[in-house]
Amino acid sequence: MSYSDDELREYFERPENRRRRDGDEPGRGGRGAGAGRDDEMRPRTPVGRYWLQRFSDPRKAAAASVISWLAIVLLAGTLGLGGYFLSLLDEIPPTREIENPEFQLATVAYTADGEELQRYAYQNRSWATYEEISPHVINALWATEDHRFYEHWGIDMQGLFIAVPVSILKGDPRGASTITQQLARNLYNTRIGRRVTVSRKLKEMVTAVQLERRYTKEEIMEMYLNTVDFGYPAFGIESAARMYFGKQPRELTLLESATLVGMLQGTSLYHPVNNPENAQRRRNVVLSQMERRGVVEPGTATELADVPVETSFRSEAITSSIAPYFAEHVRRELEAWAERSGYDIYEDGLIVYTTIDSRLQKMAVEAVDSVATCLQAVADYEWSDEGDDELVWSLNMCDYLEFDDASWSERYRQNPTLIRNIQVDTERYQAMRRRGMERSEIFKLLDENEAYMDSLKAAKHRLEAGFVAMDPQTGYVKAWVGGREITRDWYDHVAIAKRQPGSTFKPFVYTAAIDNGWSPYYQLPDDSVKYVDPITEVEWNPTNFTEISGRMMTLREALSHSVNTVTARLILEVGPPQVAFYAKRMGIDTPLTEVPALALGTSDVTLLDMTQAYSTFANGGLRYEPTVISRIEDRQGNVLFEANTPPREALSEVTAYTMTDMLRAVIRQGSGIRIVAGEYQLGDYDLAGKTGTTQDAADTWFMMIHPDLVMGAWMGFNDPRFRFRTDYWGQGARTALHVVGTFFRNAAAEDSLFVTKASRFPAPSVYGAPENLFAPTGLDSLGVVPDSLAPPGESERRRRVSW
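This report concerns the structure included in the present document. (Residues numbered from 1 in each chain as written. Predicted model: local features only at pLDDT ≥ 70, side-chain atom pairs only at ≥ 80, totals over all residues. Heavy atoms only, no water.)

Turning our eyes to something else, we now look at the packing of aromatic side chains. Counted under the stated rule, the structure contains 26 aromatic pairs. For the ring pair Trp337 and Tyr343, a centre distance of 5.4 Å and an interplane angle of 10° mean the geometry is stacked. When its relative accessible area of 32% is taken as the criterion, Tyr343 is described as partly exposed. In textbook terms, an aromatic cluster arises when at least three aromatic residues are bridged by ring pairs, as seen for Tyr381, Trp393, Tyr400, Phe403, Tyr728 and Trp729. In this structure, Arg428 is placed above the aromatic ring of Tyr452, and the distance from its NZ or CZ to the ring centre is 4.0 Å. Directly above the ring of Tyr728 sits Arg734, whose terminal nitrogen or CZ lies 3.7 Å from the centroid. (Phe/Tyr/Trp six-rings, centres within 6.5 Å; stacked < 30°, edge-to-face > 60°. Buried < 20%, exposed > 50% of the residue type's maximum accessible area, 1.4 Å probe, protein only. Lys NZ or Arg CZ within 6 Å of the ring centre and 35° of its normal.)

So this is what it looks like as C-alpha cells:
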C-alpha cells in the first residue's frame, strides 16, 4: 500500500516519531514492542521515503535501473576517455612547441637591383603578417572552411555533433575540422600525422584547444595562411599569390582570393593553371559561401560566376629563374657557406643579395638567344645536302634561318663510324653491355628506336653557348648565361665546362714576356716553327690560320692578328712553366699542361676563369675573385655575411697597362675589328679584347674588356666531334664575338647606366702623363714610345727565362 504526502507529513510531525532512539522505534524489523505490518512498510528516512514513493511502481523502478546503468556507462566512458587522453600526451605537441612553433621558411635570393632571383626550400614559404594579407582572403577562408571560427574555442561542437553521425554512417571520420584543427595538423604533422583515424582527430582537438588558449584569432589565421599547401611548390599565401598571380598577398582581388581558398579542397583538382574550369566552379562555391555569410553584397556570386579564372603563373622552379645557371651556382656557394656557418638554406629563411643585375642579365640572354639561333641554322645548313653544293651561302648568319634541314647527313657521310661512336658513349648502350648483350645486337636495337636516335642526334647537333660579364673593379658578376636552355642542358658552360681556349690564351704568353723584360716592339719572324720535345720526341709544327708571311713581326702586331708562329716562338723563349705561372696568378685555376703547345690554348679552362684573368688587365693588375653573393641576412635582418675580399696584385701596373694596350690593337685593327668598324660601331668606347678558335673549330671564343665591364663568350658543341664545317663560320670572330658585341651595344644604349664612353683603363704614372691622356687608340697615338717599351737593338737582346 502507499501513503499520501499529507499522511506522511502528519506521521512524522508526531512528537513521539521525531527523535526516537534506535531500538525504540516501532516498525524496525521487530525491535519495538508495538511493531506491525504498517510500521514495517513506512520509510525510515526522508530519502528512503522519496524513493519508496517514486518507485513503488514497477515501471518507475525499471526506468531507475536503466538510468543507473547509463550513469555507470557514462562514468566509465569518461574515465576511459580521460585515460586515453592521458595516453596521447606523448603524441601531442608539448607546451614549448605550441608556444614556439617552428616554420620552414625559404631562403630568397635577390638580384643587385632588387628583383627576386630564386628561392631555395623544401617548402617554398615566405611569411606574410596578418596585415599584409588581403581581407578578401581572410573572409573567403572563414566563410568557406569554418564559418563559426570567431565563436568557437578550437572545436566546433555544433559542427561536431552533426558530423559524428554522418561519419559513422559513411565510415569516414573526417569533417568538422576547424581552421585551428587544420593549423594543428599543418604545424605538427609529424606528431599528429596525416592518416584519417579517430586518434588523429582527437590529437587535433587537444592541440587546437591549446593553440586557442595561447594565440588570438588573428594570429591563428595568420599562421594557418602561412602554413597551408597551395600546390607544389607554393606553401603559404605569399608564395601562392606570387606564383599564381604575380603579386603580393595584400594585392589579391576578390576573385583571386576565392580561387586560392578554393584550392584548399584539392590543390590538383582545382589548380587554376592545370584545371581552370574546375577552379572556376570551386571559386564560385567560395563566392556563394561568402555571400551567404554576408561578407560580400547579395548577388555578387551570380554576377561573377561566368568570369573565367585568369592567372599570371610563374613557376618557382630554378629552370624559370631569370638566370637559372647563375642561381644554381649561387645555391652551391650557399650550401658551402651554410655548412661552415651552421645554417640550413632550405629551412632558415635567409635573405641573400647577389651581384647579378637583372637588366644586364636580360640583355645577355637576348644576345645569346639571337646569335645562337642564327648560328644553329648556319651549322645545320653547312652539314645538310644543300650545304654540300654551296658551303658559304650568305655572309649574314640570320639568312640561313630559311633552311630547315637539320639532319647533318653530310657529317655522317664523311665520318661513317661517328654514329656508332656516339651510341657507344650513351648510358643505354653501356647498360646493355653490362647485361651481356652483343654489340651488334645493341646497335640493331638502337637503330630501330627512331625516337631515341632522333633525340640523341638532336642533342649532339645542338649549338651551345656561354656568356659572363663582371665588374673588374670589384669582381662582382653582373650577367651569367650558362647555356641556351637549362631544361635541355643543365651543363653550365660558364663555371663547369672546361674547353680549350685557343688564341684567347695567347695574352698570357705575352704577359709573361712583357713582365720579364720583352717589349711589345720586340720582333720575331712569322715563319715555320718546328719543335721536338727532348724527352718524348713529339714533334710540334704550329701553323697560322692564314698564310705565313715570312717577315719579321713585332709582338704587338702578332698578338693583334693572332699569329700562331710568332706566339710559338715566344713561348719557346719565355718558357711554358713561366706562362703557366702567370696564367694561374691571374685567375686560371684549372690544371695547365706545361708544354709549348700551351701557347695556342690546348689546356682546358673555364669561361669564368678566363673572364677573371682578363679582368686583371682591365683593373691595373689587381685580381678580384669572381663574387656572386654580396650579403646574407637572417630573417630578422641581421647580417651574417658580407663580401669584402680584397684584391691581390697579380701584375704590375706597367705590365697590365702594356698588355691592355696591345689588346686594344686587336679591336682597332686585328681580328676583333667588327666591334668598332662593323655592325656594332663601338669605337667611342675604350675597348680591348681577343678572339679565339681551336683546331677544327670545336671551340670559338671572344673576350672583351672595358674599364666598367669585362665580358667573355664561348660557342661550340658539347661533343667536340661536332663543329662548324667551314673556316669562315668556325671562328670566334664570327660566332662568340657577336654575342659580346650585341650585349655591349645594348648595355651602352642605356644612357651610361652600365658603361660610359669617358671610362679609360688606368695608366701607370711611369708613362709621365695623366691616365686620361691615353686615348683608346693605344700608345702609338701619343706620337712617342716610352723608353721602357722601346724595341731592343740587335745588341740589346732580351734575357731568356730558363725552363
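Moving on from the model shown.
Below, the discussion takes up the state of the cysteines. Applying the stated criterion across every chain, the model contains 1 disulfide. Covalently, Cys374 is tied to Cys398 through a disulfide, its sulfur atoms 2.1 Å apart. In this structure the cystine formed by Cys374 and Cys398 twists about its S-S bond by roughly 90°; its chirality is therefore right-handed. On the criterion of sequence distance, the pair formed by Cys374 in helix α18 (residues 358-382) and Cys398 in the loop between α18 and α19 (409-414) is long-range, its members being 24 residues apart. Under the relative-accessibility criterion, Cys374 is labelled buried at 4%. The partly exposed category is assigned to Cys398, whose relative accessible area is 35%. (Disulfide = S-S within 2.5 Å. Helix = DSSP H or I, 4+ residues; strand = E, 2+ residues; numbered from the N terminus.)

So, on to a negative patch on the surface. A surface patch of like charges, here negative, comprises Glu386, Asp399, Glu402 and Asp404. Under the relative-accessibility criterion, Glu386 is labelled partly exposed at 39%. (Patch = residues over 30% accessible without salt bridge, like charges linked within 9 Å, V, L, I, M, F, W, Y side chains within 5 Å. Areas by Shrake-Rupley, 256 points an atom, 1.4 Å probe, with all protein chains shown as cover. Salt bridge = Lys/Arg side-chain N within 4 Å of Asp/Glu carboxyl O. Lys, Arg positive; Asp, Glu negative; His and termini not counted. Charge placed at Lys NZ, Arg CZ, Asp CG, Glu CD.)

Turning our attention to α18. Helix length check: α18, at 25 residues, gives a terminal C-alpha distance of 36 Å against a target of 36 Å (1.5 Å per residue), a fit within 8%. Counting buried positions along α18 gives 18 out of 25 residues, so the element sits mostly inside the fold. (Expected span 1.5 Å × (residues − 1).)

A separate point is the sheet that holds strand β11 (residues 629-633). Within the open sheet, the 5 strands sit side by side as β2-β1-β3-β11-β12. Their pairing is mixed. Strand pairing shows two members of the sheet lacking a second neighbour, β2 (116-120) and β12 (639-642), which therefore form its edges. Strand-to-strand twist in this sheet, taken as the mean axis angle between neighbours without regard to direction, amounts to 15°. Set on the sheet, helix α17 (residues 324-341) makes contact with β1 (107-110), β2, β3 (351-354), β11 and β12; between it and β2 the angle comes to about 50°. (Pairing = 2+ DSSP bridges. Axes fitted to C-alpha atoms, helices over the stretch in contact; angles between N-to-C directions. Contact = heavy atoms within 4.5 Å.)

Our next topic: the packing of helix α24 (residues 506-515) against helix α27 (residues 576-586). Two elements in contact, α24 and α27, have axes separated by 8 Å at closest approach and are oriented at 105°. Taken together, the axis directions place α24 and α27 in an arrangement best described as roughly perpendicular. Note on element contacts: α27 touches α24 through Gln578, Val579, Tyr582, Ala583 and Met586, opposite Phe508, Val509, Thr511, Ala512 and Asp515. For the contact of α24 with α27, the per-class residue count stands at 7 nonpolar, 2 polar and 1 charged. (Parallel < 35°, antiparallel > 145°, perpendicular 65-115°, else oblique. Nonpolar A, V, L, I, M, F, W, Y, C, P; charged D, E, K, R; others polar.)

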